Amino acid sequence: MKKIIKIAHLYYDLMNLYGEDGNILALERFIERQKVDIEIHKLTLGDNIDFRKYDLYYIGGGTENNEHLVLGDLLHYKIAIKEAIENGKMFLATGNAMELFGRKIRLRTGRSYDCLNIFGYNAIELENRIVTDIIYEFPELDDGSSSKYIFGFKNCSTNIVNNDGEKIFSFPDNIRYKNFYGIMINGPLLVRNPYFTNYILEKLFQSKGYEFVVYENTIEFKAYQECVNNFVLNSNLD
Amino acid sequence: MIFLKRFDTIMQTEEVMKAVLTIILYKMITFLYHIFNRNDKKYQEKFSDKFYEKIKDEIIYPIDSFCILNSYNNEEFREPFMSMLKNINKKVIWNKNITCSKKEFSALILNNLKFFSRKLNGDVLLFETSDYNIIKDYLKPAFSHLVINDIGREMSITNGNADNFMNIILETIKNCNIKLILNIDNPLINKIKYACGNEITTYGIAQTKYDSNTPLTPSDFNYCPSCQSKLEFSSYHLPHLGVYKCPMCSFDRGTPNFLVDEVDFDKKQLKINNNIVNFFSSNFFEIYNLTLNYILASKMGILNTNVDCLNRRKENINEFIIASRKIKILKIQPDCPSTILHSLLTIPNDKKEKNLVIGFDEFSMKHKLNDISSLYNTDFSSLNEKTDKIYCIGKCKYDIATRLEFDHIDSKKIIMIKDLKDLNYKLFNESKGDIYLLVDINIIENIINILKEKDS
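Predicted model, so just to flag it, every value in this text is computed and none were measured.

### Re the overall build of chain A
Consideration 1: The number of helices and strands found in chain A is six helices and 10 strands.
Consideration 2: Projected onto its principal axes, the C-alpha coordinates of chain A cover approximately 50 × 50 × 30 Å.
Consideration 3: Expressed as a percentage of the 238 residues in chain A, the buried residues total 58%.
Consideration 4: In chain A, 69% of the contacts between residues at least 6 apart in sequence involve partners at least 24 apart.
Consideration 5: Each charge class in chain A can be summarised by its mean position, and for the 27 positive and 33 negative side chains these summaries are 4 Å apart.

### Here we look at the pattern of salt bridges
Consideration 1: Under the criterion given, the structure shown has 26 salt bridges over all chains.
Consideration 2: B:E405 serves as the salt-bridge partner of A:R29, at 3.1 Å between the closest nitrogen and oxygen. Of this pair, A:R29 sits in helix α1 (residues 21–33) while B:E405 is found in helix α14 (residues 397–406), placing the two residues in two different chains. Comparing A:R29 with B:E405, the two get one shared label, buried.
Consideration 3: A network of salt bridges, in which partner residues are shared, links A:E140, A:E166 and A:R176.

### Describing the packing of aromatic side chains
Consideration 1: Enumeration over the complete set of coordinates arrives at 44 aromatic pairs over all chains.
Consideration 2: Seen in terms of ring centroids, A:Y195 and A:Y224 are 5.1 Å apart; in terms of plane orientation they differ by 75°. Their pairing is edge-to-face. Of this pair, A:Y195 sits in helix α5 (residues 194–208) while A:Y224 is found in helix α6 (residues 219–233), placing the two residues 29 residues apart along the sequence.
Consideration 3: Three or more aromatic residues joined by ring pairs make a cluster, and in this case those are A:F51, A:Y54, A:Y57, A:Y77, A:F91, A:F101, A:F119, A:Y121, A:Y177 and A:F180.
Consideration 4: Lying across the ring of A:F30, A:R33 places its NZ or CZ 5.3 Å from the centre.
Consideration 5: The lysine or arginine in question, B:K102, covers the ring of B:Y138, its NZ or CZ lying 5.4 Å from the ring centre.

### Side note on the sheet that holds strand β15 (residues 389–393) of chain B
Residue and element names in this part refer to chain B.
Consideration 1: Spatial ordering of the open sheet is given by β12-β13-β17-β14-β15-β16, a layout of six strands whose pairing is mixed. On the outer flanks of this sheet lie β12 (319–322) and β16 (414–416), each paired with one strand and no other. Pairs of neighbouring strands in the sheet enclose a mean axial angle of 25°, with direction left out of account.
Consideration 2: In this sheet, strand β17 (residues 434–439) lies alongside strand β13 (residues 325–329) in parallel orientation, the contact comprising three bridges. Residue pairing for β17: I329 is matched across the bridge by L437.

### Quick look at a nonpolar patch on the surface
Consideration 1: Together, B:F31, B:L32, B:I35 and B:F36 make up a nonpolar patch on the protein surface, roughly 440 Å² of accessible area in all.
Consideration 2: Residue placement: B:F36 occurs in the loop between α2 (14–35) and α3 (40–55).

### Brief notes about α5(A)
All names here are of chain A.
Consideration 1: If you check α5, its first and last C-alpha atoms are 21 Å apart, about what 15 residues at 1.5 Å a residue would give, namely 21 Å.
Consideration 2: Those residues of α5 lying buried are P194, Y195, F196, T197, N198, Y199, I200, L201, L204 and F205.
Consideration 3: Positive backbone phi, approximately 75°, marks G209, located one or two places after α5.

### Notes on the side chain of B:K397
Consideration 1: Summarising the element assignment, B:K397 is placed in helix α14.
Consideration 2: A residue is classified by how much of its surface remains accessible, and B:K397, at 11% relative accessible area, is buried.
Consideration 3: Setting aside anything within four residues of it in sequence, one finds B:K397 in contact with A:E226, B:C392, B:M416, B:I417 and B:K418.

### Concerning the interface of chain A and chain B
Consideration 1: At the interface, 45 residues of chain A touch 36 residues of chain B.
Consideration 2: Interface of chain A and chain B: buried area, both sides summed, is about 3700 Å²; carbon and sulfur atoms make up 56% of it.
Consideration 3: A per-residue breakdown of the area chain A buries against chain B is headed by A:I219, A:E226 and A:F231, which together make up 17% of the total.
Consideration 4: Where chain A touches chain B, the interface holds three salt bridges.
Consideration 5: Between B:K397 and A:E226 there is a salt bridge, with the nearest N and O atoms lying 2.9 Å from each other.
Consideration 6: Linking chain A with chain B are 14 residue pairs in polar contact (both at pLDDT 80 or more), by the criterion used here.
Consideration 7: When residues of the side of chain A that touches chain B are traced back to their parent elements, those giving at least two are α1, α2 (64–74), β7 (122–137), β8 (149–161), α4 (189–192) and α6 of chain A.

### What about the state of the cysteines?
Consideration 1: One pass over the structure, following the stated rule, counts zero disulfides over all chains.
Consideration 2: B:C246 provides the cysteine sulfur closest to B:C227, a residue in no disulfide bond, and the two sulfurs are 3.5 Å apart.
Consideration 3: For the unlinked cysteine B:C396, the closest cysteine sulfur is that of A:C227, found at 7.1 Å.

### Regarding the sheet that holds strand β2 (residues 37–43) of chain A
All names here are of chain A.
Consideration 1: Ordered in space as β2-β1-β3-β4-β10-β9, the six strands form an open sheet in which the pairing is mixed. Both outer strands of the open sheet, β2 and β9 (174–177), are each paired with one neighbouring strand and no more. The average angle at which neighbouring strand axes cross in this sheet is 10°, direction not considered.
Consideration 2: Across four bridges, the pairing between strand β4 (residues 90–94) and strand β10 (residues 180–183) is parallel. Looking at β10, one finds that A93 is bridged to G182.
Consideration 3: Helix-sheet contacts for α1 involve β1 (4–10), β2, β3 (56–59) and β4, and the interaxial angle to β2 is about 165°.

### What to know about the packing of α1(A) against α14(B)
Consideration 1: In contact at an axis separation of 10 Å, α1(A) and α14(B) are set at 70° when each is read in the N-to-C sense. It follows that α1(A) is roughly perpendicular to α14(B) by the angle criterion. Across the interface between the two elements, A:G22, A:L25, A:A26 and A:R29 from α1(A) touch B:R403, B:E405 and B:F406 from α14(B).
Consideration 2: Class assignment for the residues of the contact of α1(A) with α14(B) results in three nonpolar, one polar and three charged.

### Considerations on α14(B)
Residues and elements named next belong to chain B.
Consideration 1: Burial runs high along α14: 10 of the 10 residues are buried.
Consideration 2: Within the sequence span of α14, burial applies to K397, Y398, D399, I400, A401, T402, R403, L404, E405 and F406.
Consideration 3: A positive phi of about 60° marks H408, the residue just after α14.

### Re the environment of A:I38
Consideration 1: As for its position among the elements, A:I38 is in strand β2.
Consideration 2: Each C-alpha atom of the pair A:I38 and A:L27 lies 9.1 Å from the other, and the pair is 11 residues apart in sequence.

### Notes on the pairing of strand β11 (residues 275–278) of chain B
Residue and element names in this part refer to chain B.
Consideration 1: Pairing between strand β10 (residues 269–272) and β11: four bridges, direction antiparallel. Directly across from I272, in β11, lies its bridge partner N275.
Consideration 2: Hairpin connection from β10 to β11: two residues lie between these consecutive antiparallel strands, with N273 at a positive phi of about 45°.

### Side note on the pairing of strand β4 (residues 145–148) of chain B
Residue and element names in this part refer to chain B.
Consideration 1: On β4, burial covers both faces: H145 and V147 on one face and L146 and I148 on the other are all buried.
Consideration 2: Pairing of strand β1 (residues 64–69) with β4 involves four bridges; the strand directions are parallel. Bridge pairing in β4 places C67 opposite L146.
Consideration 3: Note: β4 against strand β5 (residues 179–183), four bridges, orientation parallel.

### As for the environment of A:I200
Residue and element names in this part refer to chain A.
Consideration 1: Position of I200 among the secondary structure elements: in helix α5.
Consideration 2: Residue I200 is classed as buried on the basis of its relative accessible area of 1%.
Consideration 3: Separated by 140 residues in the primary sequence, I200 and G60 place their C-alpha atoms 16 Å from one another.
Consideration 4: Residue contacts for I200: discarding those within four places in its chain leaves M90 and Y181.

Analysis parameters
- Residues numbered from 1 in each chain as written.
- Chains lettered and ligands numbered in written order.
- Predicted model: local features only at pLDDT ≥ 70, side-chain atom pairs only at ≥ 80, totals over all residues.
- Heavy atoms only, no water.
- Helix = DSSP H or I, 4+ residues; strand = E, 2+ residues; numbered from the N terminus.
- Buried < 20%, exposed > 50% of the residue type's maximum accessible area, 1.4 Å probe, protein only.
- Contact = heavy atoms within 4.5 Å.
- Lys, Arg positive; Asp, Glu negative; His and termini not counted.
- Charge placed at Lys NZ, Arg CZ, Asp CG, Glu CD.
- Salt bridge = Lys/Arg side-chain N within 4 Å of Asp/Glu carboxyl O.
- Phe/Tyr/Trp six-rings, centres within 6.5 Å; stacked < 30°, edge-to-face > 60°.
- Lys NZ or Arg CZ within 6 Å of the ring centre and 35° of its normal.
- Pairing = 2+ DSSP bridges.
- Axes fitted to C-alpha atoms, helices over the stretch in contact; angles between N-to-C directions.
- Patch = residues over 30% accessible without salt bridge, like charges linked within 9 Å, V, L, I, M, F, W, Y side chains within 5 Å.
- Areas by Shrake-Rupley, 256 points an atom, 1.4 Å probe, with all protein chains shown as cover.
- Expected span 1.5 Å × (residues − 1).
- Buried area = accessible area lost by both parts, 1.4 Å probe.
- Polar contact = N/O pair within 3.5 Å; in protein donor to acceptor, adjacent residues only side chain to side chain.
- Disulfide = S-S within 2.5 Å.
- Parallel < 35°, antiparallel > 145°, perpendicular 65-115°, else oblique.
- Nonpolar A, V, L, I, M, F, W, Y, C, P; charged D, E, K, R; others polar.

This is how it looks when you write it as structure tokens:
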């Protein structure tokens, strides 16, 4: 039987501020290596999104204006999204997209927006934006080498608070629930962190009943090691 | 006695007196730093903004003072502008780097202030920036014109994102009489036309034969900033710049006051409001810059004497020959994907052999981990057709090679240069044809020196 992974890239044109397209390219590349067919559907406002049809739903980060536009559209699918998450569909939300799955986004003006209310956290707008490089350590990837690092770039206007859910790393700006992964890191996270990409895909392949072969000698891993050597091990990061 | 009378007139108000004393104090402190052989520029910038804040409203700025908002560092604009002004013996006070902070801006102004008259020691102030703090805090007293040449989605480092930047601009210009010059090919910039009552001059490029009728890369600028419907673009010059209208509301690119038409990259000629102007690039950014020069010359009333100056611009100086091979430097700003994309577009799509040396040590000067987002807001797939070999160098060579492979560039074309000592051998012995350099500012000098060793 033909093996196939179907991916929905949600709001690809609105939530793609810092090269989040790279995450889709990474998924495509990594899945192709497994000799599994891949279908990528780019969906946006006005499309009828089926939350039962796809194996992985990806949504990236966007400007606050675009985020509110997307929120308005996503709220139409609130029940379908909740069911999909409960049924073990894989979701990956990066950058500020994670906010959309919480309870509220509260602005400094006092105004607040109701979000999907799937998770209990809130996003509170800050006086000053957080614009920074970031390194997390992901214990599940720690094999004694440098593979435990997850690094990236963060540019957001909110803090996540009241996040009592299970987390990937010990900071409040991420969440893991069943096969839902939310991380407030912008940009091509899956390109820069190939160990994490393998981790996510292994879970996805498990959920489909497919075998997953780990390849760690590809160009992305060389880039990862180069970055660790140049900018993590040999730098004086705060 | 004459001096005292003049001093008395100058010190007519308490504010003016304070301003003059502040300028004197600033100059004394910087002089002391200078004589003690300290890096006076570095130290000046530690306190310059505090001095400037105290006296900014008392300074007499030139009548022509332009704040230019850009997403990329813009020598193509600055060089002809300066030569135009030099041509008529006008002195320009200007900054070199658009990432200039408030402190650097303050130091620039204070260093060029005359002691008693509080006037700037120049005829024109030209300040390029990509930082909203300058707009927010210093636009009002310092500038007669705000020129918005480009706002890109990548202006994230200091500004949050383009929407945040736009909100700051609208808030700042609302209560100020500053004149605006706007590139309305960018829908976000065009939003200002609908949102404020300031005096506005607009410019843009009409549809050209080089345009694409489909998006060059996914861009959220394709949505109407007024009603959020998807804009209908009849053509794209660049991913976020083109000719468009909103199908659902009155938001429209419309006809700008200065319309660039009949762009011909082969003849290197175009028309601005039906006047023929020559240029020496194959790059839409260059056309916007040229147009901007044309508009500013027109605003200053010096266009008639200077249009020749624009026409006479030197051919691209970033070209040289080594070992009988033509080397061409492509100008880019690594954290600005539009500049990378456009540099790639300027590599001709012909059958001659061509090679690319690509490498960045730093994508952004402000981030230690080198955010690589800009690589993924750019499309590299044209390199399959345009180049024979691609040499990846620098600290991020594998990031670049990864990006190229993701765009399905033939892996046989991609050559990793792990040690720069090997570059010359591989480049000159294993390839033929022109060599294009797409490298960041930190390593360009080193690379050129290495290439020149081939001749020596």
